[in-house]
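Here are the chains, one letter per residue:
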Protein chains: 2
Amino acid sequence: VSVFKKIAGGVTAPQGFKASGIHAGIKGPKLDMALVLSDRPAAVAGTFTSNRVQGNTVKLCQEHLTGRVGQAIIVNSGNANACVGPQGMRDARRMAQLTGERLGLDDKLVFVASTGVIGRPMPMEKIEAGIHLAVEAVAPKGGPLAAKAIMTTDTVDKQVALEFKIDGKTVRLGGMAKGAGMIEPHMATMLAFFTTDAAVEPRALQKCLSAAVERSFNRISVDGDQSCNDTALLLANGRAGNRVLSEKHGEWGKFSAAVNEAALALALAIVQDGEGATKFVTIHVKGAASDADALLAARAISRSLLVKTAFCGEDPNWGRIIDAVGYSGAEVCADRADIHFDKVPAFRQGRALPEMLKALEGVMKQKRFSIHVNLRLGQGADTVYTCDCSEEYVRINSEYTT
Amino acid sequence: VSVFKKIAGGVTAPQGFKASGIHAGIKGPKLDMALVLSDRPAAVAGTFTSNRVQGNTVKLCQEHLTGRVGQAIIVNSGNANACVGPQGMRDARRMAQLTGERLGLDDKLVFVASTGVIGRPMPMEKIEAGIHLAVEAVAPKGGPLAAKAIMTTDTVDKQVALEFKIDGKTVRLGGMAKGAGMIEPHMATMLAFFTTDAAVEPRALQKCLSAAVERSFNRISVDGDQSCNDTALLLANGRAGNRVLSEKHGEWGKFSAAVNEAALALALAIVQDGEGATKFVTIHVKGAASDADALLAARAISRSLLVKTAFCGEDPNWGRIIDAVGYSGAEVCADRADIHFDKVPAFRQGRALPEMLKALEGVMKQKRFSIHVNLRLGQGADTVYTCDCSEEYVRINSEYTT
């Protein structure tokens, strides 16, 4: 249960932020460009894909992040601006320039993100017209439209907004994310944007975002494919009037917890909206020789196509789970391990419990359940979130170029 | 093109080998137990899964392999004898004992392999009756029946037999394999059994098998899940009358090449029969910073669910390919890389070639094609074989416990 008050508004919930979502015609009839704007320069933190093939907007964001200050984020869906040669970087810069010109801001204060098909030149005429529309449309209640405009194969938009007190002042934290396929972030995420009106010291802000991403976006997997455009940005504009937050501030823990909660909420929303997903599954591994081993084991389970198709078929196939742990690289002794589905034991110290089959099938009929693996070797633990792999996933990804 | 003569007979093609495939009733109405028998003790080589969760028969084979001599292999399908507690090892030993008793052989000369569902106790009454039947049925032309009896979700049996001369003597090499899902061997394979009537020094035989497995079974992926029962065995009984082969023998290269060819033939047959597969795809990576990098890149492509669903949809989606190379761990600079589908270029030095789309779609309509990735960074190269991922794969693995 959250200790923070959940409110509406997404990225425009915090004071001093406006946003818009508009239709630029990049791909079909949907909203496809979003703008997030702070009324003053804000401290910025960012994390990016660790894929060695990076989209051009990822490169540009990393460049602009060196200043640790930002005021606007312009985003397009429908084209990833990745693997398009040197023109791609020019197009990314041009997006920042055009947005800056229209808003009267230095380019360096504009962050750019793109998501969509890899390898197609950016349709710059449409993008340019789209930037004009997005700037015109920007509004204090524009968060929800912006959240829709960044979607690709997502079936629902993903937003969060929390309210809490720092120094007795009301502070708000908003966020939006997109992602449904090519999801296995590792040290990054798909696209996620957070805003807060808290005043936060930039280095502390980066530390806070990195830690939150590590326990949220870096703990999910839809299909094991890590995107080359993953980007998370957090803007803190200080409008709330609190004393500048840093690790020395007495309420730093509260602010960090809010960022963690917001990041986890969006990460889990991505898994729940995983392409073709019918099940949301939490994989807890404990008793591992180390935390690193627990993560290896949990990731291998969350990626295994055989495990994920068994989830889809509601088959309590713990054999595929222990097999995945076996090849994960984690230390494991099958004769000591236990596996539970929710609270129902399936495998105890190396042996099946066939008498539990009916109860296990009952667990799997639910839309959400947990797998608990106890390796009984040490104190290592970690948790990863995943979904099943259905025929629909294959249909989505074989029928469309995404 | 093979320099070896292809002949019929599978594992019973070489002199002095008999085999059988019988129905023991372990799972449904199919043939489910196989026996391979040499008329004299043979040198044995073996490679096994590197999964840390190992089936009991894998453990027993490794124990028996220390003697480097063997005469019989008893195999069951329908039950993996894995993760069943201490009874599993007792059952594996009992299979060797019963087979040895019935054949008048020391247990240590009997190798045992199991494949099928993980975590169910072995139905030892049926296995015991099956061993009796298998021993009674063993025959000089039993190879093809044995190949059928080791199948699980395979749709076709997989056999090979080659003939060539060593020291002027006719030498034969036979083999059979099974596997269609849970296929990504790494340092091992599903089940593959080879026989030869060549006389071969045991250590050289092991080296030869290990090398062949490394370039064949260890270069394929159906679904990225590595089985805990992978086993490859090669028996050499010396009936051909050649001088004992070792690395010092003038025709060692020829014998090694035959083992390589036989192993690759069976490995490729496994990929072609991959669960739900409609495409057979060879992934060549060259120009990598090192051979290890080339293998990382090729494996990442071969495992990527997005790449494999694109193959299924006949979508020449090189963007998903370069994305997978990006997260593979291999060094890559997207602006230097080239990607061809067969001989048709899709991506050249970081840029798409949209004018090739029609030609690329033509390549993908074929049942078999190759992906050529040139990273243009160095001399590293490797090749991996894979198949597409279709809705049928998901159906097979969500509807049945395998």
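Check the entry above for the structure.
As the structure is a prediction and not an experimental result, all values here were calculated from the model.

Thresholds applied
- Residues numbered from 1 in each chain as written.
- Chains lettered and ligands numbered in written order.
- Predicted model: local features only at pLDDT ≥ 70, side-chain atom pairs only at ≥ 80, totals over all residues.
- Heavy atoms only, no water.
- Contact = heavy atoms within 4.5 Å.
- Buried area = accessible area lost by both parts, 1.4 Å probe.
- Salt bridge = Lys/Arg side-chain N within 4 Å of Asp/Glu carboxyl O.
- Polar contact = N/O pair within 3.5 Å; in protein donor to acceptor, adjacent residues only side chain to side chain.
- Helix = DSSP H or I, 4+ residues; strand = E, 2+ residues; numbered from the N terminus.
- Nonpolar A, V, L, I, M, F, W, Y, C, P; charged D, E, K, R; others polar.
- Least-squares fit on C-alpha atoms with pLDDT ≥ 70 in both.
- Phe/Tyr/Trp six-rings, centres within 6.5 Å; stacked < 30°, edge-to-face > 60°.
- Buried < 20%, exposed > 50% of the residue type's maximum accessible area, 1.4 Å probe, protein only.
- Pairing = 2+ DSSP bridges.
- Axes fitted to C-alpha atoms, helices over the stretch in contact; angles between N-to-C directions.

**Structural notes on the interface of chain A and chain B**
Here is step 1 of the chain: The interface is formed by 53 residues belonging to chain A together with 53 residues belonging to chain B.
Here is step 2 of the chain: Interface area, chain A with chain B, both sides summed: about 4300 Å², of which 55% is carbon and sulfur.
Here is step 3 of the chain: For the pair chain A and chain B, the number of links is two salt bridges.
Here is step 4 of the chain: The interface formed by chain A and chain B contains 17 residue pairs in polar contact (both at pLDDT 80 or more).
Here is step 5 of the chain: Elements that contribute at least two residues to the side of chain A that touches chain B include exactly α8 (305-312), α9 (318-327), β14 (351-352) and α11 (391-399) of chain A.
Here is step 6 of the chain: In terms of residue class, the side of chain A that touches chain B is made up of 23 nonpolar, 19 polar and 11 charged.

**Some points on the relation of the copies chain A and chain B**
Here is step 1 of the chain: Note on the copies: chain A fits chain B at an RMSD of 0.0 Å, the axial shift is 0.0 Å, and the rotation between them is 180°. One copy is carried onto the other by what is essentially a two-fold rotation axis. Residue Glu 391 of chain A, judged by its C-alpha, is the member of chain A lying nearest the rotation axis, at 2.4 Å.
Here is step 2 of the chain: Mapped onto chain B, 100% of the interface residues of chain A again fall at the interface, so both copies present the same surface.

**Some details on the packing of aromatic side chains**
Residue and element names in this part refer to chain A.
Here is step 1 of the chain: The final tally for this structure, using the stated rule, is 13 aromatic pairs over all chains.
Here is step 2 of the chain: Aromatic pair Trp 252 and Phe 255: ring centres 5.9 Å apart, planes at 35°, arrangement tilted. Of this pair, Trp 252 and Phe 255 both sit in helix α6 (residues 252-272), three residues apart, which is roughly one turn of the helix.
Here is step 3 of the chain: On the basis of relative accessible area, Phe 255 is assigned to the buried category, the value being 0%.
Here is step 4 of the chain: Taking the centre distance of 6.4 Å and the plane angle of 20° together, the rings of Phe 280 and Tyr 385 count as stacked. Note that Phe 280 is positioned in strand β11 (residues 280-288) and Tyr 385 in strand β16 (residues 380-387), a separation of 105 residues in sequence.
Here is step 5 of the chain: Put simply, the rings of Phe 4, Phe 164, Trp 252 and Phe 255 touch in pairs and so form one group of aromatic residues.

**A few points about the pattern of salt bridges**
Residues and elements named next belong to chain A.
Here is step 1 of the chain: Tallied over the entire structure, the rule returns 41 salt bridges over all chains.
Here is step 2 of the chain: Taking the shortest distance from any N to any O, the salt bridge between Glu 128 and Arg 94 comes out at 4.0 Å. Of this pair, Glu 128 sits in helix α3 (residues 124-137) while Arg 94 is found in helix α2 (residues 87-103), placing the two residues 34 residues apart along the sequence.
Here is step 3 of the chain: Overlapping salt bridges bring together Glu 214, Arg 215, Arg 219 and Asp 382 as one network.

**Quick look at the pairing of strand β3 (residues 33-48) of chain A**
Where a strand is regular, its side chains alternate between the two sheet faces.
Residues and elements named next belong to chain A.
Here is step 1 of the chain: Most of β3 is tucked away, with 13 of its 16 residues classed as buried.
Here is step 2 of the chain: Two strands pair when backbone bridges link them, and strand β2 (residues 17-22) and β3 are joined in this way by six bridges, in the antiparallel orientation. Its bridge partner being in β3, Ser 20 is matched across the sheet by Leu 35.
Here is step 3 of the chain: Of the pairings in the sheet, the one linking β3 to strand β4 (residues 69-79) comprises seven bridges and is antiparallel in character. Note that in β4 the partner of Val 36 across the bridge is Ile 73.
Here is step 4 of the chain: Pairing of β3 with strand β10 (residues 231-236) involves six bridges; the strand directions are antiparallel.

**A word on the environment of Leu 306 of chain A**
Here is step 1 of the chain: As for its placement among the helices and strands, Leu 306 of chain A is situated in helix α8.
Here is step 2 of the chain: Relative accessible area serves as the criterion here: at 2%, Leu 306 of chain A is assigned to the buried category.
Here is step 3 of the chain: Expressed as a C-alpha distance, the spacing of Leu 306 of chain A and Ile 22 of chain A, which sit 284 residues apart in the sequence, is 41 Å.
Here is step 4 of the chain: In this structure Leu 306 of chain A touches Arg 320 of chain A together with Met 182, Asp 223, Asp 225, Tyr 393 and Asn 397 of chain B, once residues within four positions along its chain are discounted.

**Things to note about the side chain of Asp 293 of chain B**
Here is step 1 of the chain: Its location among the elements puts Asp 293 of chain B in helix α7 (residues 291-303).
Here is step 2 of the chain: The residues contacting Asp 293 of chain B, other than those within four sequence positions of it, are Ala 288, Gly 329, Ala 330 and Glu 331 of chain B.

**Points about the sheet that holds strand β15 (residues 368-374) of chain A**
Residue and element names in this part refer to chain A.
Here is step 1 of the chain: Taken in spatial order, the seven strands of this open sheet run β9-β16-β11-β15-β12-β13-β14, and their pairing is mixed. What marks the edges here is a single partner per strand, and that holds for β9 (220-221) and β14.
Here is step 2 of the chain: Helix-sheet contacts for α6 involve β9, β11, β15 and β16, and the interaxial angle to β16 is about 50°.
Here is step 3 of the chain: Its contacts with the sheet place helix α7 (residues 291-303) against β9, β11, β15 and β16, and it is angled at close to 20° to β16.

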